[in-house]
Structures are given as structure tokens and as C-alpha cells.
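One letter stands for each residue in the lines below.
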Amino acid sequence: MARSLSIAMGVARRSTRKLRRSPVPGLPPVLIPLFMFAAFAGALSGLANTKSFTYYDFTAFQFVFVYYMASMLAGAFSAFEISGDFESGMGNRLMLAAPQRMALVGGYLIFAVGRFLLGSAVVWGVALLAGMPVRGDPLQIAAFIGLALLLSLATTLYGAGIALRLQSIAAGTLILIPIFMTLFTAPVFVPRQQIDGWLRTVADINPLTPAIEAGRGFMAGEPVSVAVAFGVTGGMVIVFAFWAYRGMVKAERGPGGGRGGGRRGGGGRRGGG
Amino acid sequence: MNPSGGGQFMRLARRTLTRTLRQPALVVPSFVFPLFMLAVVSAGGADVTSIKGFPTDSYITFMLGAMMVQGASGAATMAGTTLGTDIGTGFLSRLALTPITASKLVAANLTGVAVIGVVQAAIYLAVGLAAGASVEAGIAGAVALLGVCLLMTLAFGAIGSLAAVFAGSGEQIQGLVAVVLALLFMSSMLMPRNLIEEDWFKTIATYNPLSYLVEANRSLLISGWDGEALALGCGLAVALTVVALAATVARLRRSMV
């Protein structure tokens, strides 16, 4: 256990150092949501004047979506680290050092939490500086941030599962596209009740919808769908943790899924590079 | 036997086309993502049309022009990645030993990308029309729309090429996608400029060149033949193409000596 923790911290420290040395790849997960925030809150603010819009503030309404986007992108871009490390061969070397291989995923998760906290500080800071009103009490806002953290963890684990299976930076597209599809098929611009047609059907079954509605409730100081939101988001963390675990098992077997080959590490086929 | 100048040009253009199409990771996202955005933004933001003074009842028609600009912007990545990879792998240095000129090389690269851009625009238009969008300027307007998209594809392709000659590799060009997407969202993509309520955003959208590209397309879809919008959009696209190409060729000439 102590060794696994030490390995996880080592992986997290290494990824953090890499990001500090080359910060440019760290910008998109923060800048993309901020641009979206500016675009939606700036261009579409006229929607707040339509009769059917009853939320207390349009900027706060958009902020929930944007904050979740920043949280999920922090997870996705942390998963890109795994793709990069495995493509370069570093992942194989790390596996040789880790008897419990999931400790490596734990390290990337710690790194993702760090990025989440940094992204949270920037996104919240910009929104508050822009004058966004917050009606929720501190406990409700803490619950909102907790939901965002769970989403970030779920996204990191989902991305880790793909990255460990593909072991190539080409995994980036496969990680990002479903995230954007999930984000944009949730109730982004108006409350779910105002959406019609196919998008309403998709929004009804979108696992992100309860979290978005609960987040908007927390911000307004009128919590709704809290149990469903935490249940679904917590469930996603568990499902994607299993997905990442299976990905690690496949990665241990090496390319080809292990047919006719032994496990990696300690004389694995690709060697320790 | 060495091929003539025209033969060299055609071969290089075909090479760009084939190489790009052989990389689904490069083509598919830039092709599918605008269609996805068109579907979700037009469905989710349909209430925007109830704002007083909105120029159309159909938000999909309103959004189609912007999505065609987003599709054209994929040319920056395609042209930039192809040229950047050629520089990074040393192919360009080998080409320097042949009679091909820098301008012909860049033009051939852009031709391949332009073919993909026009096909892409035609598909977006067909999907948009099938989903309920309309072209106010009629059939001639639809053809003109493809022409405007061609100019935009060339402009974005030239910008991608310029970025490639400065970056010297294909990987670094990927960041252009995020820059263009951010600029597009900060334009009049989601709302006509006269209806934007936030002054700071209206100012950004007014100074953002992408607003004029979006509005050129949108004019043909919503208001018919609007000479001013078309002149601004097409003029900007041509100016960007000329400036970016001139800078790209000048830089390449130095490195191909």
C-alpha cells in the first residue's frame, strides 16, 4: 500500500513537472470553457428576456455548464498524458516499477485532481470577477464543486481506459468527441422543459443532465435532483474505474490482447524500454 | 522523364488530397464536428428566434452559415499538417533538389485541401437543406455559397500553411483548431451583432474577422443577395489568402535554397 501510494505520487509529480516545464498543453482545458462562457453569456444573454426563461441569472445558468466542461476537460487532458507516456514507451517503464499497476492510474488521477483545482480557481475567479451572482449557501456551493470533481474523476478514468487500450496520442480524438457530445446534448442554452424534439429525448437520458440541473439548483439556492445527480455521477466513477482497470489489464498483456504472450514487466514482450 | 510544371503541380495536389483522406483522424473530426454542432445548437437554441428582431424563424438556417465557416476552418489543420509534416520529415529538403518552386508547392497543397473543402461545404449544405434550412438567394445563391466557402477554405489553408512553415512540424498545428473555434464562438455566430445585448461582446464580435465570414454565408441563406456582406466576407478571405500565401512562399523560398 505504501509503495503504491509512493508510485502514485511519483507519477503525479512527474506529470506536474512536465506541465510546469511546458505549460502550453495545459491551457486548452481552461481556455476553451472560458471562451464558451464568454460566447454563451455574451451573445445569448438576450434569451434571459424571453418569457419562458425563469432562472435567476443567465450568466449563472451558463456557468454551471461551463464549469462542468472545464472539470471534464481537466480529466480528459490528464488522460492524454497516459496516451503520450505509453506511446513514448515511458508507460512500459513505469509498469516495470509498479507491482500494483493501478497505482499508475491513481497517479494520473491525483494529477487530474490538481488540474481540476487549478481550472476551478480560474473559472470561478473569472465568473465572480465578471459579476456573476451566487445565491446558494456555502454548503450548496461545496456540493456543486463536489459534483464537478466527481465528473472530472469519471472523465479521467474514462480517458484512461481508452488511452491504456490504444496507447497512442490518436486516442485524443476518441476521448474528446464523446465528451463534447455528452456536454452539448445536455440542456445547455435553456432549461430542459423548453427543449423540444430529438434533443429533448437525448437530454432526458443524458447522464450529465441530472448533474447540470442539480448544479443550477445549488447556484440558485434551490437544490433539485441532488440524490439522482450524485447517484448517477458516482455510478459513472465506479463504471469508468472498472473500465480503466480492464484497460490496464489489456495494457499489461501488451498489443494483441495477450494472445500467446505473457504479462508485461519482468521480461514482458516489449521489454522495459 | 521529368513531368512538366503542370504535371508536377497536379501530382503534388493529388498527393495532398490522398494523404489527407488517408488520415481519418484528421478528416473525420473536422467533418463531423460542425454537423454535430449544427444539430445540437440549432435544436437547443431554437428559442433564440423568439427574440424581437431576429432575422429568421429558422435557427438551423441561421446557424448553417457559421457551421460552413467552421468546416472551412478545418483546412488550416489539413494544409498545415501536410506541409508541416513535409518539413519535419525532410521531404521538403528533397523537393528542393527538384525544379519545383515554393509557390507551386504551396499552391498544390492548397488545391488538394480546397477540393476537400468544397465537397465538405456541399455536404453541409445538403444536410442543412434536408434538416429544414433554406437558401433565400435561391439555386444561384447556393452555388455562390459554395464559392464563398471555397474562398474561406483557401484563406484558412493559407493560414495553416503559414503556421506550418514557422512551426516546422505537423503536431504543433493542432493548436490552430482551438484558436479558430474560440474565435468563431466570439463572433456573431450565435446571434446577429445588432441583437447582442452585452456591449463588450458586441465590440469583440465587431472586431473579430470571423464575424464577416459568417455574415457573408448567412446573407445568402437568410437575406438574399447582400452585396455589402458578400464583399466584406469575400474581400477578407481573399486578403487573408494573399497575405498568408505571400509570407508562406517567402519563408519557404529561404528554406528551399
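Computed from a predicted model, the values in this text were never measured in an experiment.

Reading the values: the criteria
Residues numbered from 1 in each chain as written. Chains lettered and ligands numbered in written order. Predicted model: local features only at pLDDT ≥ 70, side-chain atom pairs only at ≥ 80, totals over all residues. Heavy atoms only, no water. Axes fitted to C-alpha atoms, helices over the stretch in contact; angles between N-to-C directions. Helix = DSSP H or I, 4+ residues; strand = E, 2+ residues; numbered from the N terminus. Parallel < 35°, antiparallel > 145°, perpendicular 65-115°, else oblique. Left-handed = near helix turned anticlockwise from the far one by under 90°. Contact = heavy atoms within 4.5 Å. Nonpolar A, V, L, I, M, F, W, Y, C, P; charged D, E, K, R; others polar. Salt bridge = Lys/Arg side-chain N within 4 Å of Asp/Glu carboxyl O. Buried < 20%, exposed > 50% of the residue type's maximum accessible area, 1.4 Å probe, protein only. Phe/Tyr/Trp six-rings, centres within 6.5 Å; stacked < 30°, edge-to-face > 60°. Lys NZ or Arg CZ within 6 Å of the ring centre and 35° of its normal. Buried area = accessible area lost by both parts, 1.4 Å probe. Polar contact = N/O pair within 3.5 Å; in protein donor to acceptor, adjacent residues only side chain to side chain. 1 Å grid on protein atoms, 1.4 Å probe; cavity = no way out; pocket = protein on both sides within 12 Å on 5 of 7 lines; lining within 4 Å. Points joined across faces, edges and corners; volume = space filled by probe spheres on them. pLDDT = per-residue confidence, 0-100.

K.L.:
Just to check I follow, could you spell out the packing of helix α3 (residues 59–89) of chain B against helix α5 (residues 102–130) of chain B for this structure?
P.N.:
Packed helix pairs are characterised by how far apart their axes lie and by the angle those axes make with each other. Residue and element names in this part refer to chain B. Contact geometry of α3 with α5 gives a least axis separation of 9 Å together with a crossing angle of 155°. For the element pair α3 / α5, the angle class is roughly antiparallel. Crossing angle aside, the handedness with which α3 passes α5 is right-handed. Contact with α3, carried on its side by Leu64, Met67, Met68, Gly71, Ala75, Met78, Ala79, Thr82 and Leu83, involves Leu105, Asn109, Leu110, Val113, Ile116, Gln120, Ala121, Tyr124, Leu125 and Gly128 of α5 and no other residues of that element. Of the residues belonging to the contact of α3 with α5, the class tally is 14 nonpolar, five polar and no charged.

K.L.:
Could you clarify how one ought to interpret the pattern of salt bridges in this entry?
P.N.:
Opposite charge on two side chains lets them pair, provided their charged atoms get close. Residues and elements named next belong to chain A. In total, this model carries nine salt bridges over all chains according to the counting rule given. The residue Glu252 makes a salt bridge to Arg101 at a minimum N-O spacing of 3.2 Å. One end of the pair, Glu252, is in helix α10 (residues 226–253); the other, Arg101, is in the loop between α4 (90–97) and α5 (102–129), with 151 residues separating them in the sequence. Residues Glu252 and Arg101 agree in their burial class; the two are buried. The salt bridge partner of Asp204 is Arg192, with a shortest N-O separation of 2.7 Å. Of the two residues, Asp204 sits in helix α8 (residues 197–205) while Arg192 sits in the loop between α7 (171–184) and α8, which places them 12 residues apart along the sequence. Owing to a relative accessible area of 38%, Asp204 belongs among the partly exposed residues under this scheme. A network of salt bridges, in which partner residues are shared, links Arg14, Lys18, Glu81 and Asp85.

K.L.:
Help me understand the packing of aromatic side chains in this model?
P.N.:
The geometry of an aromatic ring pair is captured by two quantities: the separation of the ring centres and the angle between the planes. Tallying each qualifying case throughout the model produces 30 aromatic pairs over all chains. With 6.3 Å between their ring centres and 70° between their planes, Phe63 of chain A and Phe144 of chain A make a pair best called edge-to-face. Taken together, the residues Phe63 of chain A in helix α3 (residues 58–88) and Phe144 of chain A in helix α6 (residues 138–166) connect sequence positions 81 residues apart. Judged by relative accessible area, which is 0%, Phe63 of chain A ranks as buried. Looking at Phe144 of chain A, the relative accessible area reads 0%, which means it is buried. With 5.6 Å between their ring centres and 65° between their planes, Tyr68 of chain A and Phe144 of chain A make a pair best called edge-to-face. With Tyr68 of chain A in helix α3 and Phe144 of chain A in helix α6, the pair connects residues that are 76 residues apart, well separated along the chain. Both residues of the pair, Tyr68 of chain A and Phe144 of chain A, count as buried. Among the aromatic side chains, those forming a connected cluster through ring pairs are Phe40, Phe65, Phe180, Phe184 and Phe189 of chain A together with Phe33, Phe36 and Phe185 of chain B. The positively charged end of Arg165 of chain A is found above the aromatic ring belonging to Trp243 of chain A, 3.7 Å away from the centroid. When the ring centre of Phe61 of chain A is taken as origin, the NZ or CZ atom of Arg216 of chain A, which lies over that ring, is 3.5 Å away.

K.L.:
Before we go on, may I ask you to explain the interface of chain A and chain B in this structure?
P.N.:
For an interface, size is often stated in terms of accessible area lost upon the parts coming together. Each side of the interface is counted separately: chain A has 26 residues, and chain B has 25 residues. A buried area of about 2300 Å², summed over both sides, lies between chain A and chain B, and 80% of it is on carbon and sulfur atoms. The largest per-residue losses of area from chain A upon contact with chain B belong to Ala43, Phe184 and Phe189 of chain A, which jointly make up 20% of the total buried on that side. For the interface between chain A and chain B, the tally reads zero salt bridges. Counting across the interface, chain A meets chain B through two residue pairs in polar contact (both at pLDDT 80 or more). Broken down by secondary-structure element, the contributors of at least two residues to the side of chain A that touches chain B are α2 (28–43), α7 and α8 of chain A. No other element matches α2 of chain A, which puts eight residues into the side of chain A that touches chain B. Classifying every residue of the side of chain A that touches chain B gives 17 nonpolar, nine polar and no charged.

K.L.:
What is the right way to look at empty space enclosed by the protein in this model?
P.N.:
Residue and element names in this part refer to chain B. Applying the stated criterion to the full structure yields three cavities of 30 Å³ or more. Here the largest cavity is characterised by a volume of approximately 50 Å³. If you go around the largest cavity, the residues you meet are Leu12, Arg15, Thr16, Arg19, Thr82, Leu83, Asp86, Leu105 and Asn109. Elements supplying a minimum of two residues to the lining of the largest cavity: α1 (5–21), α3 and α5.

K.L.:
Sorry, what's going on with the confidence of the model for chain B here?
P.N.:
Low pLDDT marks stretches whose predicted atomic positions should not be read closely. All names here are of chain B. Mean pLDDT over chain B stands at 87; residues scoring 70 or higher make up 94%. At the low end of the mean pLDDT range in chain B sits α1, at 78; at the high end sits helix α9 (residues 209–223), at 96. Here the predicted complex carries an ipTM of 0.73, next to a pTM of 0.82.

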